[in-house]
Every structure is written in structure tokens, then in C-alpha cells.
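Structural overview for review
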Amino acid sequence: MSQKTSLRIGAFGVLSGGIGVTAGVLAGEAVAAVSSGVTGPVLAVGNRAVDWAPRPAKEFAIETFGTADKPVLIGSVLAVVVVLALILGWVGTRRRGLAVIGFSALVAIAGLAIMTDRAASAGPFVRVLPVVAVAFVGIGGFAWMLHALTPGLSVRGAHREPKADAALTPNRASTKNTNAQDTGSGHAPVGFDRRAFVIAASAVAATGAVAGVVSRAFGGAAAAGSREALSLPAATRTAPAIPAGVTFEDIKGLSPYITPNADFYRVDTALKIPDVPLDGYRLRIHGMVDNPLDLSFQDLLDRDLVEKRLTLTCVSNPVGGEYVGNATWLGVLMRDLLKEAGVQSGADAVKSTSSDDFTAGTPLSVLTDDRDALVAVGMNGEPLPLAHGFPVRMVTPGLYGYVSATKWLVDLEVTRFADFSAYWTDRGYAAQAPIKLSSRIDVPASFAQLDAGDVTVAGVAWAQDRGIEKVEVRAGDGDWNEAELAAVDSDDTWRPWRWTWPADAGSQRLEVRATDGTGETQTSQREPIAPDGSTGWHNVTVTVS
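Since we're looking at a predicted model, the values are computed, not measured. (Residues numbered from 1 in each chain as written. Predicted model: local features only at pLDDT ≥ 70, side-chain atom pairs only at ≥ 80, totals over all residues. Heavy atoms only, no water.)

**Points about the overall build of the protein chain**
- Counting its regular elements, the protein chain contains twelve helices and 19 strands.
- The C-alpha radius of gyration of the protein chain comes to 31 Å, more than 25% above the 24 Å expected for a compact globule of 545 residues.
- Reported as C-alpha extents along the three principal axes, the dimensions of the protein chain are approximately 105 × 70 × 40 Å.
- The 545 residues of the protein chain split such that 51% are buried. (Helix = DSSP H or I, 4+ residues; strand = E, 2+ residues; numbered from the N terminus. Rg over C-alpha atoms; globule rule 2.2 N^0.38 Å. Buried < 20%, exposed > 50% of the residue type's maximum accessible area, 1.4 Å probe, protein only.)

Below, the structure written as C-alpha cells:
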């Protein structure tokens, strides 16, 4: 076979790999979409990648890609799978059996991920359905295309010589010479049927296209319809009116006092937002309790609802980071639910579980004291957004979210820390994680070009459940200057600040530190986010001319 012909056939093989893997994945996604409690191959493999990735890799992804870390992960998984399939397609033009075995191995990995996915709730007989779809369409389609492409290829990779017909081929040498001439002429090798390959490739591609349509049609979130139709009742205990002067409205670039839902940070392990409709929703409270509870969403709404403004912070927030936001939450007091359940002596923790099987461990004491931890159903005057835990999540003042703010909440087990470990504690994070005193410069932005003279420096500081007493700012290694603080709302919300800086020409570094309500001043010691939150003074460098 000439080099030109070999490259042409190799290109068809690559195309076979691409079509086969795409159609197989889409078929699996379609079956998962029309089934209940099943995860499709893309998310199943992605979830395994999330669960198996080492902690430094997770931290790098969050720090580097921010809220885009999930699309980047899914895209990376798909890219790796597609590249492997393309390579197998090329190999298949020479070693068909080896290529099919390799393709089957990819499907087996996807199948194992689907069958063991923590987000799936269906039984094994339902979970296996998308695996069958991926195998039938993916492996079957790939093998069909390779066979149409190279029908004369043996399993070991050598072209089989066509059988000579005595009536048509009086001499075997003549046939061999003719075959050699044909395969060396730049055309397809003996046995190649372009029409058969086009038919096979078109059929497999069409199957994938139909599966994609089905997946899109049935893949919508039932929870979205539930949320749209939901009207939350008024709070039994409303939050106090926001005091005048809690922020500086005239400073452009300063974080708004109440973070809009669309701008509120999202950090979690869910590659796809869990679909938790109100119909059939249940919240179990069990474990070391006298009276286990099994509550519907309406059961929660029928209880006294409390409104509370609270700043949440993620442990993944680096010094000066954006994973912090302030919102008005509506929900049932956690301590009331636990009192109703009757907590038994000896318990010191509550293990919370989301609908996708994420787990967190929260100290029982902070859920039952007067800080007003909530089982929340509303955020900023509307039902919880889908991305922020609809229909129910936890909201706990004073603790990082990974131990206290479980979204898509379905289970609360009263237990002891000694008897369980949660998702992030299994990965080296601290079991108990009080939020650390922090402050941030919002304006000016780092590397800003400024005019000499008076410059407004402003930002926010937070120390949930202790409050902010003082904020200081300095330029370079100069003296610390006390900033003006906005009015106090509560110890559980962040506090904006501002300082007028008489800026001189040159490159300047601005630095901020805060002091909380207990008198503790923020440390300058830089610590990473693991295992229990970052520390250090935030700084920005600007140029003044």
C-alpha cells in the first residue's frame, strides 16, 4: 500500500474513532436522561476524576479556574477520551482486534464510573442501562466502521489475500501481481468498500445525533419547574431592617452589601447541579435521636421560618479571594428541628448529606446554640437558586461551608465525630473549621494606574460570629492608618471600610489588616487554604503618576 493510501485509510480510521466515541457517549447520556436516578457517562467519569484527584490538584483547579473549574474538568475528560478514541481508530486500520479491545477498555471505565457513581440513586439494573447503550452503540459502531473500512484485515493485522477462483484466476502469481499493482497505485487496498464505510459511519453518526436530541429533550431539570411554581411564605421572624450606612454607596468597585444571587460564589463538588424537585422531597433527621423525623418540603414551610442576614465564606478562598458573599436567608432554625428530634447524650456532630451523596460534618454545639443556624429554603427574597441548593440547604454562621453549608440537603444524622468522616475530611481538611478573620481590598484593583493626590482605598472585612472592630491600611512599609468603618449590621455579616490615601508618585503596595470583636488582630503569616483556611494580609500594587 502506498504512503498516500495508508494516510487516507488512517484518516478514515481516525474518523471512525471520533464518530464511535461520540455516538456511544450520546447514547449513554440519552438513556440516563430518560431514566431516573442514573448518571450519564460524562458526569460519571467526571465525578470519579473529582473524587480521585489529589487535594493539590483540586486546589490548583479552584485557584486557577475559579468557578469555571467544572467546565474545564469536563472538557478535559472529554478531550482525553476523544484523543484516545482517535488514536484507536488509527490503530484499527492496522490491528482491528487490538483497537476494538482498547475501545472496549474505555467503555469499561465509563461503565464502572456509571455503576459506582455516588450521585446515582437507582438500583444496579437501572444503572446498567446507559452502560449497555454506550457499549452497543460505541463498541458496535466502532467495530462496524472498521470492518467496512478494512474487510480484508485479519485480527493479527495482516491483509488476507482474496481466495483465488480457478475459473477466473488461472494462475496464482498473476493474481498476486495484480493485487500488488492495485494496492500500490494510490487507491484503496484490496477489499476496501467506500460505500459500505459511508453507510456504517452515517448510521452510527445518525444514532448519535438522535441520542443527542433525546438527551437534550429529556435532560431538563424538574427542579426548575418546581422552583418556578413555588411561592415562599412570609417569615415568622424577619431580619431587622438593614441599618443606614452599612456600606459606602458612592465607591465604585466596592462589593455591594447584599450579594445578588447571580453573583454569589459557588464552590462545590457537583459537576451538574442536582435535580431535586419538590415532588417526593424528603429530609431525614435520624441517628442519635429519640424521635427520628422524615419531613417533606411542605413540613418545613409549615414551621416557623426565620430570616437572617449572613456572610458565607468558602475554605477555598485565598487571601483577597472572591469566595465570600453576603445574603439574606430564610429557613427553619436547626436547633428547633434537633430539639424536636430529641438529641441523645454523647452526640457531638451532625453528618449532613446532599442528594448527590456529598457529606459534611458539623459540630452539634454550633447547630444548637444561639447563632441561628438554618435549614434554609430561601435566599434574598426568593426560593434558593438551583445552583445554591434548591430546595433545601444548610446555612451556619461562623464555619466554613465545607463543614456547615451542605446544599441539596436530604439527610441529617446526629452522631459523633469519632464515628464517621466526611468528604473533605477524607481528603485532609480539618474536621472543625471556624472562619478565620480576614479583610480584602476591593478598590483600587491591583496594577491600577492612579493619579497622585487623594485616593479612596476601600474593601470589606469579616469575622463571622465575632464581628469587625477595626480595619487598618498602610502604603508600603509606612505606618498603619485606621480606616473608616461602615455601620454595623451584625457580627455575622461583613463590614465595608474605606480610607483616603494621600498618594505620591511611584509604584506603591497597599496592605490591609483587621481586628475582630474579641480584640484579635489579623495575622500577617501566609498560610494556604488547606487544611482549615488561608491567612495573611491582602495587598495590591498600584502605579501612581
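That covers the picture; the talk isn't over yet.
**Observations regarding the packing of helix α5 (residues 96-115) against helix α6 (residues 124-149)**
- Where α5 contacts α6, the two axes come as close as 10 Å, and the packing angle between them is 165 degrees. The angle between the axes of α5 and α6 places the two elements in the roughly antiparallel class. The element α5 and its partner α6 pack so that their crossing is right-handed.
- For the contact of α5 with α6, the class distribution of residues is 16 nonpolar, four polar and two charged. (Axes fitted to C-alpha atoms, helices over the stretch in contact; angles between N-to-C directions. Parallel < 35°, antiparallel > 145°, perpendicular 65-115°, else oblique. Left-handed = near helix turned anticlockwise from the far one by under 90°. Nonpolar A, V, L, I, M, F, W, Y, C, P; charged D, E, K, R; others polar.)

**A closer look at the sheet that holds strand β10 (residues 409-415)**
- The five strands lie next to each other as β2-β1-β10-β5-β6, forming an open sheet whose pairing is mixed. The outermost strands of the open sheet, each flanked by one partner alone, are β2 (293-295) and β6 (359-363). Within this sheet the neighbouring strands show an average axis-to-axis angle of 15 degrees, counted without direction.
- Across six bridges, the pairing between strand β5 (residues 349-354) and β10 is antiparallel. Bridged to Ser-354 within β10 is Leu-409.
- On top of the sheet, helix α11 (residues 334-341) reaches β1 (283-287), β2, β5 and β10; it is set at about 130 degrees to β2, its chief contact. (Pairing = 2+ DSSP bridges. Contact = heavy atoms within 4.5 Å.)

**Re helix α3 (residues 55-65)**
- Taken residue by residue, α3 has Lys-58, Glu-59, Ala-61 and Ile-62 as its buried positions. The buried residues of α3 occupy one face: seen down the axis, they fall within an arc of 160 degrees. Turned more than 90 degrees off the buried face of α3, the exposed positions are Pro-56, Phe-60 and Glu-63.
- Count one or two residues on from α3 and you reach Gly-66, which has phi positive near 60 degrees. (Arc of directions from axis to C-beta.)

**Let's talk about the pattern of salt bridges**
- Under the defined criterion, the tally for this structure stands at 29 salt bridges.
- We note a salt bridge from Arg-509 to Asp-477, for which the minimum N-O separation is 3.2 Å. One end of the pair, Arg-509, is in strand β18 (residues 506-516); the other, Asp-477, is in the loop between β14 (468-475) and β15 (481-482), with 32 residues separating them in the sequence.
- Here the residues in one salt-bridge network are Arg-48, Asp-51, Asp-117, Arg-118 and Asp-356, joined through shared partners. (Salt bridge = Lys/Arg side-chain N within 4 Å of Asp/Glu carboxyl O.)

**Some details on the packing of helix α2 (residues 41-52) against helix α4 (residues 69-92)**
- In contact at an axis separation of 10 Å, α2 and α4 are set at 110 degrees when each is read in the N-to-C sense. The angle between the axes of α2 and α4 places the two elements in the roughly perpendicular class. Contact residues: Val-42, Leu-43, Val-45, Gly-46, Ala-49 and Val-50 in α2; Leu-73, Ile-74, Val-77 and Leu-78 in α4.
- Residues that form the contact of α2 with α4 fall into these classes: nine nonpolar, one polar and no charged.

**A look at the packing of aromatic side chains**
- On inspection of all chains with the given rule, the structure shows twelve aromatic pairs.
- A centroid spacing of 6.2 Å and a plane angle of 45 degrees characterise the contact between Tyr-265 and Tyr-323, whose relative ring orientation is tilted. Of the two residues, Tyr-265 is situated in the loop between α9 (222-229) and β1 and Tyr-323 in the loop between β3 (306-313) and β4 (324-333); the sequence distance between them amounts to 58 residues.
- Judged by relative accessible area, which is 12%, Tyr-265 ranks as buried.
- With a centroid separation of 5.9 Å and 20 degrees between ring planes, the pair formed by Phe-417 and Phe-420 is classed as stacked.
- Taken together, the ring pairs in this structure connect Phe-358, Tyr-402, Tyr-423, Trp-424 and Tyr-429 into an aromatic cluster.
- Across from the ring centre of Tyr-423, 3.7 Å away, lies the NZ or CZ of Arg-427, which sits over that ring. (Phe/Tyr/Trp six-rings, centres within 6.5 Å; stacked < 30°, edge-to-face > 60°. Lys NZ or Arg CZ within 6 Å of the ring centre and 35° of its normal.)

**Quick look at α11**
- Within α11, the full set of buried residues consists of Met-334, Leu-337, Leu-338 and Ala-341. Looking straight down α11, one finds that the buried residues subtend no more than 95 degrees of arc, so they occupy a single side.
- Just beyond α11, the residue with positive phi is Gly-342, at close to 75 degrees.

**Remarks on a nonpolar patch on the surface**
- A cluster of nonpolar side chains, contributed by Val-80, Val-83, Leu-84 and Ile-87, occupies part of the molecular surface with about 330 Å² of accessible area.
- Tracing the backbone through its elements, the reader meets Val-83 in helix α4. (Patch = residues over 30% accessible without salt bridge, like charges linked within 9 Å, V, L, I, M, F, W, Y side chains within 5 Å. Areas by Shrake-Rupley, 256 points an atom, 1.4 Å probe, with all protein chains shown as cover.)

**Concerning the side chain of Arg-371**
- For Arg-371, the position within the fold is in the loop between α12 (364-368) and β7 (374-379).
- Classification of Arg-371 by relative accessible area gives buried; the value is 16%.
- Separated by 2.9 Å, the side chains of Arg-371 and Asp-369 make a polar contact.
- Engagement of the side chain of Arg-371 in a polar contact is seen with the side chain of Asp-465, the distance being 3.4 Å.
- Setting aside its immediate chain neighbours within four residues, Arg-371 contacts Lys-308, Arg-335, Val-366, Pro-397, Gly-398, Asp-465 and Asp-492. (Polar contact = N/O pair within 3.5 Å; in protein donor to acceptor, adjacent residues only side chain to side chain.)

**Re unusual backbone geometry**
- For the bond from Phe-390 to Pro-391, the omega torsion is 10 degrees, close enough to zero to count as cis.
- Tracing the sequence through the fold places Pro-391 in the loop between β8 (382-383) and β9 (393-395).
- Each neighbour pair has its own omega, and for Ala-530 with Pro-531 the value is 10 degrees, a cis peptide bond.
- Turning to its location among the elements, Pro-531 is positioned in the loop between β18 and β19 (538-544).
- In this structure, Asp-357 takes a positive phi of about 75 degrees despite not being glycine.
- For Asp-357, the position within the fold is in the loop between β5 and β6.

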